[in-house]
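These are the residues of each chain, in order.
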Amino acid sequence: MAEPLLRLANVSKSFGGLAAVQDVSLQLPAGSLGALIGPNGAGKTTLFALMSGFLRPDAGRIVFDGRDITGQPPHLNARRGMTRTFQIVQPFAAQTVRENIAVGAHLHCAARAEALEQAALVARRVGLAPQLDKPAGDLTVAGRKRLELARALATRPRLLLLDEVLAGLNPQEVAEMVPVVRDIAAGGVTVLMIEHVMQAVMNLAQHVWVLAQGQLIAEGPPRAVTRDQRVIEAYLGHGTARRLAGQAAEATP
Ligand SMILES: Nc1ncnc2c1ncn2[C@@H]1O[C@H](COP(=O)(O)OP(=O)(O)OP(=O)(O)O)[C@@H](O)[C@H]1O
(Lines give C-alpha, C1' and ligand atoms only; values in the text may rest on other atoms or scores of the structure.)
Protein backbone atom coordinates (compact mmCIF):
# COMPACT_ATOMS: atom_id res chain seq x y z
CA MET A 1 0.00 0.00 0.00
CA ALA A 2 1.23 3.52 -0.78
CA GLU A 3 2.40 5.59 2.20
CA PRO A 4 -0.49 7.84 3.30
CA LEU A 5 0.04 11.59 3.05
CA LEU A 6 -0.54 11.95 6.80
CA ARG A 7 -0.14 9.27 9.44
CA LEU A 8 -0.76 9.58 13.15
CA ALA A 9 0.49 6.79 15.38
CA ASN A 10 -0.76 6.62 18.98
CA VAL A 11 -0.91 10.39 19.45
CA SER A 12 -1.90 11.74 22.88
CA LYS A 13 -2.16 15.18 24.44
CA SER A 14 -3.31 16.22 27.93
CA PHE A 15 -3.95 19.64 29.42
CA GLY A 16 -3.27 19.21 33.12
CA GLY A 17 -5.45 16.28 34.13
CA LEU A 18 -7.63 16.45 31.00
CA ALA A 19 -6.79 13.89 28.31
CA ALA A 20 -7.89 15.93 25.26
CA VAL A 21 -6.54 13.43 22.70
CA GLN A 22 -5.89 9.83 23.69
CA ASP A 23 -3.89 7.34 21.68
CA VAL A 24 -5.22 8.38 18.28
CA SER A 25 -3.96 6.60 15.16
CA LEU A 26 -5.18 7.37 11.66
CA GLN A 27 -4.00 7.36 8.09
CA LEU A 28 -5.05 9.92 5.51
CA PRO A 29 -4.51 8.78 1.93
CA ALA A 30 -3.21 11.34 -0.59
CA GLY A 31 -6.02 12.80 -2.71
CA SER A 32 -8.77 12.01 -0.20
CA LEU A 33 -11.46 14.24 1.27
CA GLY A 34 -12.10 13.25 4.86
CA ALA A 35 -13.99 14.63 7.83
CA LEU A 36 -13.30 14.61 11.54
CA ILE A 37 -16.50 14.77 13.56
CA GLY A 38 -17.52 14.47 17.19
CA PRO A 39 -19.41 16.26 19.93
CA ASN A 40 -18.23 19.58 21.38
CA GLY A 41 -15.02 19.22 23.35
CA ALA A 42 -14.19 15.85 21.76
CA GLY A 43 -10.65 16.94 20.92
CA LYS A 44 -10.99 17.71 17.20
CA THR A 45 -9.33 21.13 17.22
CA THR A 46 -6.61 19.81 19.54
CA LEU A 47 -5.95 17.02 17.05
CA PHE A 48 -5.64 19.59 14.23
CA ALA A 49 -3.23 21.61 16.36
CA LEU A 50 -1.15 18.46 16.93
CA MET A 51 -1.15 17.56 13.23
CA SER A 52 -0.11 21.04 12.12
CA GLY A 53 2.46 21.65 14.84
CA PHE A 54 0.67 24.29 16.94
CA LEU A 55 0.82 21.77 19.79
CA ARG A 56 3.38 19.11 20.57
CA PRO A 57 2.04 15.64 21.44
CA ASP A 58 2.88 14.11 24.81
CA ALA A 59 3.22 10.77 23.05
CA GLY A 60 2.98 9.32 19.56
CA ARG A 61 4.27 10.17 16.09
CA ILE A 62 3.05 12.34 13.24
CA VAL A 63 4.35 11.50 9.78
CA PHE A 64 3.69 13.78 6.80
CA ASP A 65 4.63 12.62 3.33
CA GLY A 66 6.93 9.94 4.74
CA ARG A 67 8.77 12.33 7.09
CA ASP A 68 8.47 12.36 10.87
CA ILE A 69 7.27 15.88 11.70
CA THR A 70 6.38 15.29 15.36
CA GLY A 71 6.93 18.53 17.24
CA GLN A 72 7.88 20.50 14.12
CA PRO A 73 6.62 24.10 14.12
CA PRO A 74 3.64 25.13 11.96
CA HIS A 75 5.62 27.34 9.57
CA LEU A 76 7.89 24.44 8.63
CA ASN A 77 4.90 22.17 8.17
CA ALA A 78 3.23 24.82 5.98
CA ARG A 79 6.39 25.00 3.89
CA ARG A 80 6.24 21.22 3.49
CA GLY A 81 2.63 21.49 2.34
CA MET A 82 0.31 21.23 5.35
CA THR A 83 -1.85 24.25 6.19
CA ARG A 84 -4.77 24.64 8.56
CA THR A 85 -7.56 27.17 8.84
CA PHE A 86 -8.93 28.48 12.13
CA GLN A 87 -12.47 28.31 13.46
CA ILE A 88 -12.36 31.97 14.49
CA VAL A 89 -11.45 34.01 11.45
CA GLN A 90 -9.24 36.99 12.20
CA PRO A 91 -8.34 38.81 9.00
CA PHE A 92 -6.33 42.04 8.91
CA ALA A 93 -9.54 44.05 8.82
CA ALA A 94 -8.12 47.28 7.39
CA GLN A 95 -6.22 45.51 4.61
CA THR A 96 -7.92 44.53 1.38
CA VAL A 97 -9.02 40.99 0.64
CA ARG A 98 -6.19 40.82 -1.94
CA GLU A 99 -3.57 41.83 0.64
CA ASN A 100 -4.93 39.35 3.18
CA ILE A 101 -4.70 36.47 0.73
CA ALA A 102 -1.23 37.58 -0.33
CA VAL A 103 -0.02 36.91 3.24
CA GLY A 104 -0.49 33.20 2.51
CA ALA A 105 1.10 33.51 -0.94
CA HIS A 106 4.24 35.05 0.60
CA LEU A 107 5.18 31.58 1.85
CA HIS A 108 6.34 30.84 -1.69
CA CYS A 109 6.49 34.22 -3.43
CA ALA A 110 9.11 36.63 -2.10
CA ALA A 111 8.07 39.43 -4.46
CA ARG A 112 5.02 41.44 -3.39
CA ALA A 113 3.70 41.82 -6.95
CA GLU A 114 3.81 38.07 -7.48
CA ALA A 115 2.08 37.39 -4.15
CA LEU A 116 -0.69 39.85 -5.05
CA GLU A 117 -1.09 38.20 -8.45
CA GLN A 118 -1.34 34.77 -6.82
CA ALA A 119 -3.91 36.20 -4.41
CA ALA A 120 -6.15 37.20 -7.30
CA LEU A 121 -5.97 33.69 -8.78
CA VAL A 122 -6.83 32.08 -5.44
CA ALA A 123 -9.70 34.54 -4.88
CA ARG A 124 -11.26 33.31 -8.11
CA ARG A 125 -11.15 29.69 -6.84
CA VAL A 126 -13.14 30.57 -3.74
CA GLY A 127 -15.53 33.07 -5.31
CA LEU A 128 -13.97 36.18 -3.80
CA ALA A 129 -12.79 37.82 -7.04
CA PRO A 130 -15.44 40.58 -6.95
CA GLN A 131 -14.36 41.56 -3.41
CA LEU A 132 -10.60 41.70 -3.99
CA ASP A 133 -10.23 45.42 -3.33
CA LYS A 134 -12.62 45.65 -0.39
CA PRO A 135 -11.26 45.94 3.15
CA ALA A 136 -11.47 42.48 4.72
CA GLY A 137 -13.37 44.03 7.63
CA ASP A 138 -16.30 44.72 5.27
CA LEU A 139 -16.84 41.04 4.44
CA THR A 140 -19.88 39.16 5.71
CA VAL A 141 -19.38 36.03 7.86
CA ALA A 142 -19.59 33.91 4.70
CA GLY A 143 -17.06 36.16 2.98
CA ARG A 144 -14.68 35.88 5.93
CA LYS A 145 -14.93 32.09 5.81
CA ARG A 146 -14.00 32.20 2.13
CA LEU A 147 -11.12 34.53 2.94
CA GLU A 148 -9.80 32.12 5.57
CA LEU A 149 -9.97 29.35 2.98
CA ALA A 150 -8.22 31.56 0.40
CA ARG A 151 -5.39 32.50 2.77
CA ALA A 152 -4.75 28.82 3.43
CA LEU A 153 -4.98 27.90 -0.26
CA ALA A 154 -2.52 30.63 -1.15
CA THR A 155 0.18 28.69 0.73
CA ARG A 156 -0.26 26.00 -1.99
CA PRO A 157 -1.01 23.16 0.43
CA ARG A 158 -0.96 19.50 -0.44
CA LEU A 159 -2.92 18.88 2.75
CA LEU A 160 -5.52 21.38 3.87
CA LEU A 161 -6.98 21.09 7.37
CA LEU A 162 -10.29 22.96 7.46
CA ASP A 163 -11.60 23.80 10.93
CA GLU A 164 -15.35 24.38 10.61
CA VAL A 165 -15.36 26.47 7.46
CA LEU A 166 -19.16 26.12 7.37
CA ALA A 167 -19.84 27.22 10.96
CA GLY A 168 -22.09 30.25 11.22
CA LEU A 169 -23.29 30.03 7.62
CA ASN A 170 -26.98 29.84 6.70
CA PRO A 171 -28.24 26.87 4.66
CA GLN A 172 -27.88 28.71 1.35
CA GLU A 173 -24.33 29.82 2.18
CA VAL A 174 -23.47 26.24 3.17
CA ALA A 175 -24.85 25.02 -0.16
CA GLU A 176 -22.68 27.59 -1.97
CA MET A 177 -19.54 26.67 -0.03
CA VAL A 178 -19.81 22.89 -0.46
CA PRO A 179 -18.84 22.95 -4.16
CA VAL A 180 -15.92 25.28 -3.38
CA VAL A 181 -14.48 22.68 -0.99
CA ARG A 182 -15.24 19.87 -3.44
CA ASP A 183 -13.42 21.74 -6.24
CA ILE A 184 -10.36 22.26 -4.06
CA ALA A 185 -10.18 18.52 -3.43
CA ALA A 186 -10.84 17.76 -7.10
CA GLY A 187 -7.90 20.04 -7.91
CA GLY A 188 -5.59 17.60 -6.13
CA VAL A 189 -5.44 19.00 -2.59
CA THR A 190 -5.98 16.40 0.14
CA VAL A 191 -8.57 17.79 2.53
CA LEU A 192 -9.46 16.93 6.12
CA MET A 193 -12.33 18.95 7.55
CA ILE A 194 -13.66 19.31 11.07
CA GLU A 195 -17.36 19.81 10.58
CA HIS A 196 -20.58 19.87 12.56
CA VAL A 197 -22.82 20.42 9.51
CA MET A 198 -23.67 16.77 8.90
CA GLN A 199 -25.40 17.41 5.59
CA ALA A 200 -22.10 18.73 4.23
CA VAL A 201 -20.13 15.85 5.73
CA MET A 202 -22.49 13.37 4.07
CA ASN A 203 -22.15 15.22 0.75
CA LEU A 204 -18.42 15.77 0.76
CA ALA A 205 -16.50 13.24 2.78
CA GLN A 206 -15.34 9.88 1.50
CA HIS A 207 -14.15 8.83 4.94
CA VAL A 208 -15.12 10.01 8.40
CA TRP A 209 -13.29 9.73 11.72
CA VAL A 210 -15.29 10.17 14.92
CA LEU A 211 -13.72 11.47 18.11
CA ALA A 212 -15.44 11.38 21.49
CA GLN A 213 -13.73 12.38 24.75
CA GLY A 214 -10.37 12.37 23.02
CA GLN A 215 -10.67 8.88 21.59
CA LEU A 216 -11.31 7.70 18.07
CA ILE A 217 -14.50 5.67 18.44
CA ALA A 218 -15.36 4.96 14.80
CA GLU A 219 -14.24 5.49 11.23
CA GLY A 220 -15.53 4.61 7.81
CA PRO A 221 -17.77 5.89 5.01
CA PRO A 222 -20.16 8.61 6.30
CA ARG A 223 -23.34 6.56 6.00
CA ALA A 224 -21.94 3.63 7.95
CA VAL A 225 -20.47 5.86 10.64
CA THR A 226 -23.69 7.76 11.33
CA ARG A 227 -25.50 4.44 11.89
CA ASP A 228 -22.85 3.24 14.36
CA GLN A 229 -24.38 2.80 17.82
CA ARG A 230 -21.27 4.16 19.61
CA VAL A 231 -21.42 7.30 17.47
CA ILE A 232 -25.13 7.84 18.16
CA GLU A 233 -24.50 7.38 21.89
CA ALA A 234 -21.57 9.83 21.81
CA TYR A 235 -23.76 12.52 20.28
CA LEU A 236 -26.95 11.91 22.23
CA GLY A 237 -25.47 10.92 25.55
CA HIS A 238 -25.36 7.61 27.36
CA GLY A 239 -28.68 5.78 27.22
CA THR A 240 -30.63 8.42 25.27
CA ALA A 241 -30.08 6.79 21.90
CA ARG A 242 -31.32 3.44 23.22
CA ARG A 243 -34.33 5.09 24.89
CA LEU A 244 -35.26 6.92 21.67
CA ALA A 245 -34.86 3.72 19.67
CA GLY A 246 -37.10 1.95 22.21
CA GLN A 247 -39.74 4.68 22.00
CA ALA A 248 -39.66 4.54 18.19
CA ALA A 249 -40.14 0.76 18.31
CA GLU A 250 -43.10 1.10 20.76
CA ALA A 251 -44.72 3.77 18.56
CA THR A 252 -44.56 1.49 15.51
CA PRO A 253 -47.88 -0.38 15.20
N1 LIG B 1 -5.15 25.04 25.61
C2 LIG B 1 -5.98 24.32 26.36
N3 LIG B 1 -5.87 24.27 27.70
C4 LIG B 1 -6.69 23.52 28.45
N5 LIG B 1 -7.69 22.77 27.98
C6 LIG B 1 -7.88 22.78 26.64
C7 LIG B 1 -7.05 23.55 25.76
N8 LIG B 1 -7.49 23.37 24.48
C9 LIG B 1 -8.53 22.53 24.56
N10 LIG B 1 -8.77 22.18 25.85
C11 LIG B 1 -9.80 21.24 26.32
O12 LIG B 1 -9.60 20.02 25.61
C13 LIG B 1 -10.84 19.43 25.26
C14 LIG B 1 -10.91 19.27 23.75
O15 LIG B 1 -11.07 20.56 23.17
P16 LIG B 1 -11.13 20.78 21.61
O17 LIG B 1 -11.23 22.25 21.38
O18 LIG B 1 -10.01 20.08 20.95
O19 LIG B 1 -12.50 20.07 21.23
P20 LIG B 1 -13.34 20.14 19.86
O21 LIG B 1 -13.74 18.76 19.55
O22 LIG B 1 -12.56 20.88 18.83
O23 LIG B 1 -14.61 20.99 20.34
P24 LIG B 1 -15.59 21.97 19.50
O25 LIG B 1 -16.38 21.10 18.55
O26 LIG B 1 -16.45 22.55 20.59
O27 LIG B 1 -14.72 22.99 18.82
C28 LIG B 1 -11.93 20.34 25.82
O29 LIG B 1 -12.33 19.83 27.07
C30 LIG B 1 -11.22 21.68 25.98
O31 LIG B 1 -11.80 22.44 27.01
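The preceding data block contains the structure.
If you're wondering where the values come from, they're calculated on a predicted model, not measured in any experiment.

(A) Local environment of the overall build of the protein chain. When you go through the protein chain residue by residue, the secondary structure sums to ten helices and ten strands. The C-alpha radius of gyration of the protein chain comes to 19 Å, within 12% of the 18 Å expected for a compact globule of 253 residues. Burial analysis of the protein chain (253 residues in total) assigns 40% to the buried set.

(B) A look at the packing of helix α3 (residues 97-105) against helix α5 (residues 141-153). Closest axis-to-axis distance for the α3/α5 pair is 6 Å, and the angle between their directions is 40 degrees. Judged by the inter-axis angle, α3 sits oblique to α5. Packed against α3, whose contacting residues are Val97, Asn100, Ile101, Val103 and Gly104, the element α5 presents Leu147, Ala150, Arg151 and Ala152 at the interface. Here the contact of α3 with α5 is composed, by residue class, of six nonpolar, two polar and one charged.

(C) Summary view of the sheet that holds strand β6 (residues 82-84). Taking strand neighbours across the sheet as the criterion, the six strands line up as β6-β7-β8-β3-β9-β10 in an open arrangement whose pairing is mixed. The open sheet has two free edges, formed respectively by β6 and β10 (215-220), since each of these has just one partner strand. For this sheet, the mean angle separating the axes of adjacent strands, direction not counted, is 15 degrees. Relative to strand β8 (residues 190-194), strand β3 (residues 33-37) runs parallel, the two sharing four bridges. The partner of Gly34 across the bridge, within β8, is Leu192. Across the sheet, helix α9 (residues 229-236) is in contact with β9 (207-212) and β10; its angle to β10 comes to roughly 130 degrees.

(D) A look at the sheet that holds strand β1 (residues 6-15). Taken together, four strands build an open sheet; the order of strands is β2-β1-β4-β5 and the sheet is antiparallel. Two strands in the sheet have a free side with no partner beyond their single neighbour: β2 (18-28) and β5 (67-68). Here β1 pairs with strand β4 (residues 59-64) via five bridges, running antiparallel. What sits directly across from Leu8, in β4, is Ile62. Lying over the sheet, helix α1 (residues 44-52) contacts β1, β2 and β4, oriented at roughly 60 degrees with respect to β2.

(E) Layout of the site of the ligand. Close contacts around the ligand come from Phe15, Leu18, Ala20, Gly38, Asn40, Gly41, Ala42, Gly43, Lys44, Thr45 and Thr46, and that covers them all. Here the element with the most residues in the shell around the ligand is α1; it accounts for three residues. Tallied by class, the residues present in the shell around the ligand amount to four nonpolar, six polar and one charged.

(F) Quick look at the environment of Gly38. You can see Gly38 is positioned in the loop between β3 and α1. As for Gly38 and Gln215, which are separated by 177 residues in sequence, their C-alpha atoms are 9.9 Å apart. The residues contacting Gly38, other than those within four sequence positions of it, are Lys44, Val210, Leu211, Ala212 and Ala234.

(G) Representation of the packing of α3 against helix α4 (residues 112-125) in the model. For the pair α3 and α4, interaxial distance at closest approach is 8 Å and the crossing angle is 105 degrees. In terms of orientation, α3 and α4 fall into the roughly perpendicular class. Contacts between α3 and α4 involve Val97, Arg98, Ile101, Ala102 and Ala105 on the former and, on the latter, Ala115, Leu116, Gln118, Ala119, Ala120, Val122 and Ala123. Taken together, the residues of the contact of α3 with α4 break down into ten nonpolar, one polar and one charged.

Scoring rules and cut-offs
Along each chain, the written sequence defines residue order, and numbers are assigned to residues from 1. Thresholds applied to this predicted model are a pLDDT of at least 70 for local features of residues and 80 or more for the giving and counting of side-chain atom pairs; totals over whole chains, interfaces and linings are not thresholded and use all residues. Secondary structure follows DSSP: runs of H or I at least 4 residues long count as helices, runs of E at least 2 residues long count as strands, and numbering of each begins at the N terminus. We compute the radius of gyration from the C-alpha atoms alone; for a globule the expected value is 2.2 Å times N to the 0.38, where N is the number of residues. Using C-beta atoms placed from the backbone, we call a residue buried if 20 or more other C-beta atoms fall within 10 Å of its own, exposed if 12 or fewer do, and partly exposed for counts in between. Every axis in this analysis is a line fitted to C-alpha atoms, fitted for helices over the stretch in contact. Angles between the N-to-C directions lie between 0 and 180 degrees. Put simply, angles under 35 degrees are roughly parallel, angles over 145 are roughly antiparallel, angles from 65 to 115 are roughly perpendicular, and the rest are oblique. Throughout, a pair of residues is in contact if the C-beta atoms placed from their backbones lie within 7 Å. Residue type decides the class: Asp, Glu, Lys and Arg count as charged, Ala, Val, Leu, Ile, Met, Phe, Trp, Tyr, Cys and Pro as nonpolar, and the leftover types, Gly among them, as polar. Note on pairing: two strands pair once DSSP finds at least 2 bridges between them. By convention here, the C-beta atom is placed from the backbone, and a residue is near a molecule or strand when that atom is within 6 Å of it.

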